Each structure stands twice: as C-alpha cells, then as structure tokens.
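What follows is each chain in one-letter form.
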Amino acid sequence: MLRRFCCFTAVNSSPSTTATTTALSLNLTSRKKRLVFLGSPQVSASVLDALFNASSAPDSLFEVAAIVTQPPSERNRGRKVLPSPVAQHAMDKGFPSDLIWTPVKAGEEAFLFQFKALEPELCITAAYGNILPTKFLKIPSLGTVNIHPSLLPLYRGAAPVQRALQDGVTETGVSLAYTVRQLDAGPVIAYEKVEIDDQIKAPDLLELLFARGSKLLIHELPSILEGSARAKAQVQDESKATLAPKITQEESWLSFDQEAIVLHNKVRAFAGWPGTRAKVSVQDPRSGQHNIIELKIITTRVCGSNKIQGGEADDVFFTQGSLVFPCGGGTALEVLEIQLPGKKVVNAAAFWNGLRGQKLKKL
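Residues numbered from 1 in each chain as written. Predicted model: local features only at pLDDT ≥ 70, side-chain atom pairs only at ≥ 80, totals over all residues. Heavy atoms only, no water.

In the annotation of an unreviewed UniProt entry, the chain is listed under the name Methionyl-tRNA formyltransferase, mitochondrial and assigned to Forsythia ovata. Regarding the chain, the relevant UniProt record gives this comment under Sequence similarities (unreviewed entry): "Belongs to the Fmt family." (UniProt positions renumbered as here; feature names shortened; annotations may be inferred.)

Right, here's the structure in full:
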C-alpha cells in the first residue's frame, strides 16, 4: 500500500522508517517551521520554486519539509507513465525523493500516518487536484493555505480561470485563503486584482495568476507563520459566491447559432484542454460532392461589421487572413488558426489554400 504514494523512495529504504527518521532529524537540528507543499501541474512548479528560494534565505522562518502531488500517470503521445510536473521539478532540484509523496487520495490512512509523523506546521496548496479531508486539515498546526486563481468568493471550484474567461470578464485575480472543508470557502488572507484583455487564453492566464500568487504568498508568509494572518483574514461573503465547475469534453463543441463573442470567449477559455471543435461541410462545386470534417478552433476574434459579407447564411468565407463564420444575432467570428485531426496547427490562409476552390459551409 505504501508504494502507491511513496513511489519515488530509494530502493533499499523503507518509506515509513525513512520519513519518520527524517522528521525526527528535522526536529532536532532545525528551528525552522516545517512547511509541506501540495501541487501537481506545471503552473504549481512556479509556486514551489518561490518557496525553495525563500526557504534558502539566511533569515528564512521555514523549510520545505515534504511535497505531496498526484501519482504518476500516462502523458504525452507515447503514453509513458511519468511523475507529475511538480514531482519531476522537485527531483530535478535535488529534493529528497523519499519526501515526495503521491497518495491516490489524501485521506489514505498510511499517507496520513506519514504526514502526521513529519509534524508539519503549515501546508501550502496550489492546484493539487485532490480533496483534503478533515483528518488532513487538522494536522498542520498553522493550517493549510491555498493559492486560488480567482477573486474569492467568485469562481469557487475546479476551473476558475476557464469559467471566468468563458464569462468574458475583464478583471480577475488571485486569492490566498485558508482551506476549510467547504470548497474554496475559507477566510481570505490577501488578494490581487488583474486586468485582462479580450485575447488572453486560459493557459497563459493561469500561468500569470500563479506567478502573481507566488509573490503574494511570499509577501504574506511571515504573518501566516507567526499566526497573525488568522486575525486579519476576511470571512467570505456567501451571498456573492459563484461556482466554477469542472470542464467536460462534451462542452468543447461550438454552436454557430450563438453570438460571436460567446464563441470567442469559449475558445479562449477552453484553450489547451479540451479545446473547441466545430463540424463543417466541404463542398466541391464541380462534382457536387461534399464531406463533413471536424476542425479544432485554436485562435479567434470577433469580426468587425465591415468584414461581414453577403451570401448564404451558412457560407464561410476568407478575407484578410481569416475565415469568417456567420454567427447568431447577425455577428461573425474570425478564425485565425485551425487544426485538422492528427495535423499541425495552421493559419487560416494555409487552410483556405488547401481547399483548392472548394466551398466551406458551417453546420
């Protein structure tokens, strides 16, 4: 059972014995507070780096005592089983492999035994990806603080950045909040607002917000470690809370009955995964044959009224470097980059040239 979460342990060491011995050694040799970091995707690595750098300062009040992350999983086209980006980053930095824990669930008794033996005083989470049960939250004496990429209580949940972009917001931000059992509902220690334009996509915004969140965390860490942050943390206004549910693959389809701005915001929000898809008909005017193909829509913008042309309501045309799709409400969407299944991303001009005189119609 231990192998499920101590999968980076050295061959000849017992996970339980090694971690417990390390914890006792930390107690005896260091007065620094023991901090445990929880994170999994690449954006979390920037937070971990900030903690590593801050902990190495001569006057640092803490040390990174352990890292908790998602178990290794199949990734990339080769479907190789690889450690999470945070685990790989930590190992590349020389962090002890026996202190990188990968429980399937954070409520596993064997994992909680290891975690408690370390006697952590503070936990920091950044896109960890697992629910933290009450048993876990009771262990760190100074609590658990989460970096959440929204202005809480707005967009609580698994996809705050994506749902904010889908809503077309022009301002978002990042919050530091204590973790409680209710989802993203703990008192907010600090936050930073960020203005965004109408072209930024979810992966870029996520990276930006976690970079800002890292700086905010390091600024607030002294008060968190001293305990004074508890007193200043603001209880969230439940009447203003909104949810950001997990995105599903089924949501990725575009419907051109909707207005262009709605579709443009969806393309930005779903960039990366799951992406946005549309089916179109390719028609050969000479033979009369037509084929239905699936396109992945990569980059778009809302079409200016001066570019909207006449023609049949479902005609897609090419102008000034973009494919123009008629949309609901008399609007139109410019598609600048596109991808066919199994092919590379190409610009609209390259795709249009590849049609060789065939017509394109939306479905």
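Caption draft 1: Structural view of the overall build of the chain. Helix and strand counts for the chain come out as ten helices and 16 strands. In the chain, which comprises 363 residues, the proportion classed as buried is 50%. Considering only residue pairs separated by 6 or more positions, the chain has 68% of its internal contacts joining residues 24 or more positions apart. A total of about 18000 Å² of accessible surface is found on the chain, and carbon and sulfur atoms cover 53% of it. (Helix = DSSP H or I, 4+ residues; strand = E, 2+ residues; numbered from the N terminus. Buried < 20%, exposed > 50% of the residue type's maximum accessible area, 1.4 Å probe, protein only. Contact = heavy atoms within 4.5 Å. Areas by Shrake-Rupley, 256 points an atom, 1.4 Å probe, with all protein chains shown as cover.)

Caption draft 2: Representation of the nonpolar core within the structure. Ranked by internal contacts, the top residues of the largest apolar core, which has 52 residues, are Phe37, Leu51, Ile67, Leu122, Phe136, Ile189 and Leu217. Setting aside anything within four residues of it in sequence, one finds Leu122 in contact with Arg34, Leu35, Val36, Pro140, Leu142, Gly143, Val145, Leu221, Ile224 and Leu225. Judged by nonpolar contacts, the second largest core, of 21 residues, contains Val267, Val280, Ile297 and Val316. (Core = buried A, V, L, I, M, F, W, Y, C linked by side-chain atoms within 4.5 Å.)

Caption draft 3: Geometry of the side chain of Asp284. The residue Asp284 is located in the loop between β10 (276–283) and β11 (290–302) in this model. With relative accessibility at 18%, the residue Asp284 sits in the buried group. Each residue touching Asp284, except ones within four places of it in the same chain, is listed here: Gln289 and Gln358.

Caption draft 4: Representation of the sheet that holds strand β8 (residues 171–178) in the model. Spatially, seven strands are ordered β5-β2-β1-β6-β7-β8-β9 in an open sheet, and the strand pairing comes out mixed. This sheet does not close on itself; its edge strands, each paired only once, are β5 (100–101) and β9 (188–195). Note that strand β1 (residues 33–39) and strand β6 (residues 122–126) share five bridges and pair parallel. In the strand pairing of β6, Val36 is matched with Cys123. This element, helix α2 (residues 42–55), spans β1, β2 (62–68), β6 and β7 (144–148) of the sheet and lies at about 150 degrees to β2. (Pairing = 2+ DSSP bridges. Axes fitted to C-alpha atoms, helices over the stretch in contact; angles between N-to-C directions.)

Caption draft 5: Quick look at the pattern of salt bridges. Enumeration over the complete set of coordinates arrives at 14 salt bridges. The salt bridge partner of Glu238 is Arg156, with a shortest N-O separation of 2.9 Å. Of this pair, Glu238 sits in the loop between α8 (229–232) and α9 (260–269) while Arg156 sits in the loop between β7 and α6 (160–166); the two residues are 82 residues apart in sequence, bridging distant segments of the chain. With a relative accessible area of 43%, Glu238 lands in the partly exposed category. In this structure Arg156 comes out as buried when scored by relative accessible area, which is 4%. Salt-bridge contacts for Arg277 lead to Glu294; the nearest nitrogen and oxygen are separated by 3.8 Å. Of the two residues, Arg277 is situated in strand β10 and Glu294 in strand β11; the sequence distance between them amounts to 17 residues. Overall, Arg277 belongs to the buried group, its relative accessible area being 17%. A residue is classified by how much of its surface remains accessible, and Glu294, at 30% relative accessible area, is partly exposed. Here the residues in one salt-bridge network are Lys33, Arg34, Glu119 and Glu121, joined through shared partners. (Salt bridge = Lys/Arg side-chain N within 4 Å of Asp/Glu carboxyl O.)

Caption draft 6: Structural detail: helix α4 (residues 109–117). For α4, the complete set of buried residues consists of Ala110, Phe111, Leu112, Gln114 and Phe115. Residue Glu119 follows α4 closely and has a positive phi angle near 55 degrees.

Caption draft 7: A look at the pairing of strand β13 (residues 322–326). In terms of burial, β13 is largely enclosed, as five of its five residues are buried. With burial as the criterion, each face of β13 is covered, one bearing Ser322, Val324 and Pro326 and the other bearing Leu323 and Phe325. Note that strand β12 (residues 315–319) and β13 share three bridges and pair antiparallel. What sits directly across from Phe317, in β13, is Val324. In sequence, β13 turns back onto strand β14 (residues 332–339) through a hairpin of five residues, with Gly329 there showing a positive phi of about 70 degrees.

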